[in-house]
Amino acid sequence: MPKLFDIKFPGGCKSLPDGFWSAVDVWIKKPHVVNKRLCGVKETDSKDADQDDLRLLLHDPELFTDVLLFMISGASPAHEPDKPWSSSVRTFIPKVNCYGTNLHKEIILKDFGRHRVTFIPFEEDAEGKVSLRKGNIYQIQLCNQDCEEWSLELCALSVDSWFSDGVAYPKLPWLSSDLLPKLVRWATECRSSEFRNTLSLLPVEKYSLMYQQLKDKYKAMVKVLWAEERAEKGLTARQSFVDLGCGNGLLVHILTNEGHPGRGIDVRRRKIWDMYGPQTLLEEKAITPSESFLFPGTDWLIGNHSDELTPWIPVIAARSSYSCRYFVLPCCFFDFCGKYQRRQCKKSQYKEYIDFIAEVSQVCGFNTDEDCLRIPSTKRVCLLGKSRNYQLSDEPEVEQQRAHYIHSRCTAPGVTVQRSDVSNDEDCCNGNGSCNGTPGSSWGAGFQPRDRVETVRNCAALPRDVVDGVVLRVANALLGMTVGDGEGSCHDWNQGGSLSVSEVAGLLGQETLRLLKKECGGLQTLLRNNHQVFRVEGGRVYIRDWRERKPFRADAKRKPVAPGALKTRLCWFHAQHPQGCPLQAENCAFAHGADDLRPSTRPLKKIKNDAF
């Protein structure tokens, strides 16, 4: 049995051998986390197997003998069971269908006694004819040397006839250099997730096909919604939707083009809305949870990173109609009447918030499903309410339950409401727990939608004299640390010392600190914005020396400075540093005096909210 590669586990690894099987299950059930050309796999249930079962699977007596010797080589376990292997079959689902009607599958045989797993690939055509790939049979084995040192080995039945297409048949060097190290890491960590597996509510093969069709059509990442449920319920009409907090409106545009009637609502209009055309219905409107924002004729309410609306969407769906459903993808942590306050320390903040939204959904009367989307984001757990856990005749009792729950959340000790003009909680619910039913009445005291005009809070809107004053004070403090002592100098040009960000804050007055506290990132953002003067690394602030050009990482995607961006601003060092700029005027990217200034030729940046 040719051993191709082995890799040793770190000493003292206590997760083995159980961790090995946990890692193997990741490779079996979720190979797409390593092989990016796969969308996933479909696996059959496992069953016990013996030599007779293997003979029936392989058909060819000669191949059976070769595979059997390959699988049982080495020392036998102390107690060989009658059926020594656990057998299953997985079908590969590529991201791009490059195999036509042929299915690429693998027989997986786990040998728990010998701590090894064998993969036997085969292909099945549309007529069910099977052809085995003898040259691509391989095995991964956990080895224990001297009862102390563990290692992982990769073996192949026939190295010389190995075939690779980069999808269902990866290259042998890739298995050695990419897969084995990840198996070692997974086996060592042996961690369990707080959430369900990705796309656990959808059949992966249907998801992959629809995703690829939409991707080819729109050339953008899109989300697949409710196609499977339509098939389950035998629905022919396209389901309707309202996207609350639709942002750039792309999802609304795609769903509309796919035949789903619906619209999107957002507090701010985006310029990109004009590109979609009149068939895509997008409304600029502030959404306030109330009788004015019910959607009784809508099948689905969507909240994709809907922020302060997230806990309200199950409520709005429940009160819109008995048949209305919802989909939310939570991101920022909001309660009904303000920021969400943590109550548990044993969970991550994200998991705790997901559980809170699931609790809201349950209180509102939904049978709640949780899934994990396959999107490039750390916040990818979604919740769906597709059916109710009560009968329509019980609606009054459940509504009273909803109202009481919202009332208790909005009036709980320590809850800080968002609005200062609310003097009591009568806007939320009446004292008996029932909600106000008058048209337009608000359900949540303290709820306030975001402002129509987004406030810039990156220190760019601070008064210029405040910014210049902070820069000069901090720079003088840094330069004063090395005056006359010869430290920090490079060819007699004073580079100054260093201060922690907290020490820099101690240099500033209370009024200045108050202004900075209102900005995102505060003092550190201001210092980073003035990168011409300062370098902030590891929580410490330094004077930047433009003679020292540190090489960037090879994988860093940094665009070169455009010629039109040079000499458009005055050089701070030329004007303020006691020794002037360390660079000659022709070598400095900034202007040495007004005569050296040039007008910028770069196009203005687009507003962030208008980005596609």
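Residues numbered from 1 in each chain as written. Predicted model: local features only at pLDDT ≥ 70, side-chain atom pairs only at ≥ 80, totals over all residues. Heavy atoms only, no water.

Here we look at the side chain of S87
For step 1, the next point in the chain: By secondary structure assignment, the location of S87 is in strand 4 (residues 85-94).
For step 2, the next point in the chain: Not counting residues up to four positions away in its chain, the partners in contact with S87 are D45, S46, K47, A49, L57, I107, I108 and L109. (Helix = DSSP H or I, 4+ residues; strand = E, 2+ residues; numbered from the N terminus. Contact = heavy atoms within 4.5 Å.)

Structural notes on the sheet that holds strand 11 (residues 262-266)
For step 1, the next point in the chain: If you trace the 7 strands from one edge of the open sheet to the other, you get 12-11-10-13-14-16-15, paired in mixed fashion. At either margin of the open sheet sits one strand with a lone partner, and together these are strand 12 (281-284) and strand 15 (366-372). Strand after strand, the sheet turns through a mean of 20° between neighbouring axes, direction not considered.
For step 2, the next point in the chain: With 4 bridges connecting them, strand 11 and strand 12 associate as parallel partners. Bridging across to strand 12, R263 finds its partner in L281. (Pairing = 2+ DSSP bridges. Axes fitted to C-alpha atoms, helices over the stretch in contact; angles between N-to-C directions.)

Comments concerning the pairing of strand 13 (residues 300-304)
For step 1, the next point in the chain: By the criterion of burial, strand 13 is predominantly enclosed, with 4 of the 5 residues buried.
For step 2, the next point in the chain: In terms of strand pairing, strand 10 (residues 241-244) meets strand 13 through 3 bridges, oriented parallel. Its bridge partner lying in strand 13, V242 is registered against L301.
For step 3, the next point in the chain: Of the strand pairs in this sheet, strand 13 and strand 14 (residues 325-329) are connected by 5 bridges, and their pairing is parallel. Paired with W300 across the strands is R325, a residue of strand 14.
For step 4, the next point in the chain: Handedness of the crossover joining strand 13 and strand 14 through helix 9 (residues 312-320) is recorded here as right-handed. (Buried < 20%, exposed > 50% of the residue type's maximum accessible area, 1.4 Å probe, protein only. Right-handed = clockwise from strand over helix to strand, strands pointing away.)

Overview of the state of the cysteines
For step 1, the next point in the chain: Tallied over the entire structure, the rule returns 1 disulfide.
For step 2, the next point in the chain: Each sulfur of the disulfide joining C337 and C410 lies 2.1 Å from the other. Where C337 bonds to C410 through sulfur, the torsion about that S-S bond is close to 60°, and the disulfide is right-handed. Of this pair, C337 sits in the loop between strand 14 and helix 10 (349-363) while C410 sits in helix 11 (residues 395-410), and the two are 73 residues apart along the sequence.
For step 3, the next point in the chain: Among the cysteines around C332, which has no disulfide bond, C331 carries the closest sulfur, lying 4.1 Å off.
For step 4, the next point in the chain: Lacking any disulfide linkage, C581 is separated from the closest cysteine sulfur, that of C571, by 3.8 Å.
For step 5, the next point in the chain: Residue C581 is classed as buried on the basis of its relative accessible area of 15%. (Disulfide = S-S within 2.5 Å.)

Quick word on the packing of helix 12 (residues 464-480) against helix 15 (residues 522-529)
For step 1, the next point in the chain: Where helix 12 meets helix 15, the closest approach of the two axes is 11 Å, and the angle between their N-to-C directions is 85°. By the angle between their axes, helix 12 is roughly perpendicular relative to helix 15. Taking contact as the criterion, the partners of V467, V470, V471 and V474 in helix 12 are, on helix 15, L523, L526 and L527. (Parallel < 35°, antiparallel > 145°, perpendicular 65-115°, else oblique.)

Some words on unusual backbone geometry
With glycine set apart, most residues show a phi of negative sign, and most peptide bonds adopt trans.
For step 1, the next point in the chain: Phi is positive for H115, which is not a glycine, with a value near 55°.
For step 2, the next point in the chain: Here H115 is to be found in the loop between strand 5 (103-111) and strand 6 (116-124).
For step 3, the next point in the chain: Classification of H115 as partly exposed rests on a relative accessible area of 22%.
For step 4, the next point in the chain: The phi torsion at D307 lies on the positive side, around 55°, for a residue other than glycine.

Concerning helix 2 (residues 51-58)
For step 1, the next point in the chain: Where helix 2 begins, one side-chain oxygen reaches toward the backbone nitrogen of D52, 3.2 Å away; that side chain belongs to D50.
For step 2, the next point in the chain: In the segment just after helix 2, H59 is the residue with positive phi, at about 70°. (Polar contact = N/O pair within 3.5 Å; in protein donor to acceptor, adjacent residues only side chain to side chain.)

Points about the pairing of strand 10
For step 1, the next point in the chain: Burial along strand 10 is two-sided: the face carrying F241 and D243 and the face carrying V242 and L244 are both buried.
For step 2, the next point in the chain: Bridge count between strand 10 and strand 11: 4 bridges; the pairing is parallel. In the sheet register, D243 faces strand 11, and the bridge partner there is G264.
For step 3, the next point in the chain: For the crossover that starts at strand 10, traverses helix 7 (residues 250-257) and ends in the parallel strand 11, the hand is right-handed.

Remarks on the sheet that holds strand 19 (residues 498-500)
For step 1, the next point in the chain: Taken in spatial order, the 3 strands of this open sheet run 19-21-20, and their pairing is antiparallel. Two strands bound the open sheet, and with one partner strand each, they are strand 19 and strand 20 (534-537). The sheet shows a mean angle of 25° between the axes of neighbouring strands, direction not considered.
For step 2, the next point in the chain: The pairing of strand 20 with strand 21 (residues 540-543) spans 4 bridges and is antiparallel. Bridging across to strand 21, V536 finds its partner in V541.

Things to note about the confidence of the model for the chain
For step 1, the next point in the chain: Summarising the model, the chain shows a mean pLDDT of 81, and 77% of its residues fall at 70 or more.
For step 2, the next point in the chain: Contacts for the low-pLDDT stretch residues 419-440, under 50 throughout, to residues beyond four places or in other chains number 46 contacts.
For step 3, the next point in the chain: Segment residues 606-612 is flagged for pLDDT under 50; beyond a separation of four residues in sequence, or across chains, it makes 11 contacts in the model. (pLDDT = per-residue confidence, 0-100.)

Details of the packing of helix 10 against helix 11
For step 1, the next point in the chain: Taken N-terminus to C-terminus, the directions of helix 10 and helix 11 make an angle of 145°; their axes are 9 Å apart at the nearest point. Touching F356, E359, V360, Q362 and V363 of helix 10 are V398, Q401, R402, Y405 and R409, all from helix 11.
For step 2, the next point in the chain: Of the residues belonging to the contact of helix 10 with helix 11, the class tally is 5 nonpolar, 2 polar and 3 charged. (Nonpolar A, V, L, I, M, F, W, Y, C, P; charged D, E, K, R; others polar.)

Describing the pattern of salt bridges
For step 1, the next point in the chain: All told, the structure shown has 26 salt bridges when counted by the stated rule.
For step 2, the next point in the chain: With its nearest N and O atoms 2.9 Å apart, the salt bridge here joins R319 to E399. With a gap of 80 residues between them, R319 in helix 9 and E399 in helix 11 connect regions that are remote in the sequence.
For step 3, the next point in the chain: One network of salt bridges, with partners in common, ties together R319, E395, E399 and R402. (Salt bridge = Lys/Arg side-chain N within 4 Å of Asp/Glu carboxyl O.)

Some words on helix 3 (residues 61-72)
For step 1, the next point in the chain: End to end, helix 3 covers 16 Å across 12 residues, agreeing with the expected 16 Å (1.5 Å per residue, within 8%).
For step 2, the next point in the chain: Every buried residue of helix 3 is listed here: L63, F64, V67, L68, F70 and M71. Buried residues of helix 3, viewed axially, fall in a sector of 160°; they line one side. Turned more than 90 degrees from where helix 3 packs its buried face, P61, E62 and L69 sit exposed.
For step 3, the next point in the chain: Where helix 3 begins, one side-chain oxygen reaches toward the backbone nitrogen of E62, 3.0 Å away; that side chain belongs to D60. (Expected span 1.5 Å × (residues − 1). Arc of directions from axis to C-beta.)

Comments concerning the packing of aromatic side chains
For step 1, the next point in the chain: Overall, the coordinates contain 18 aromatic pairs when judged by the stated rule.
For step 2, the next point in the chain: Here the aromatic rings of W312 and F336 are separated by 4.8 Å at their centres, their planes lie at 75°, and the arrangement is edge-to-face. Linking W312 in helix 9 with F336 in the loop between strand 14 and helix 10, this pair joins segments that are 24 residues apart in sequence.
For step 3, the next point in the chain: Taking relative accessible area as the criterion, F336 reaches 1% and is therefore assigned buried.
For step 4, the next point in the chain: One aromatic cluster is present, built from ring pairs that chain together W312, F333, F336, Y340, Y353, F356 and Y405.
For step 5, the next point in the chain: When the ring centre of W27 is taken as origin, the NZ or CZ atom of R90, which lies over that ring, is 5.2 Å away.
For step 6, the next point in the chain: Residue placement shows R544 over the ring face of W546; its charged tip is 5.7 Å from the ring centre. (Phe/Tyr/Trp six-rings, centres within 6.5 Å; stacked < 30°, edge-to-face > 60°. Lys NZ or Arg CZ within 6 Å of the ring centre and 35° of its normal.)

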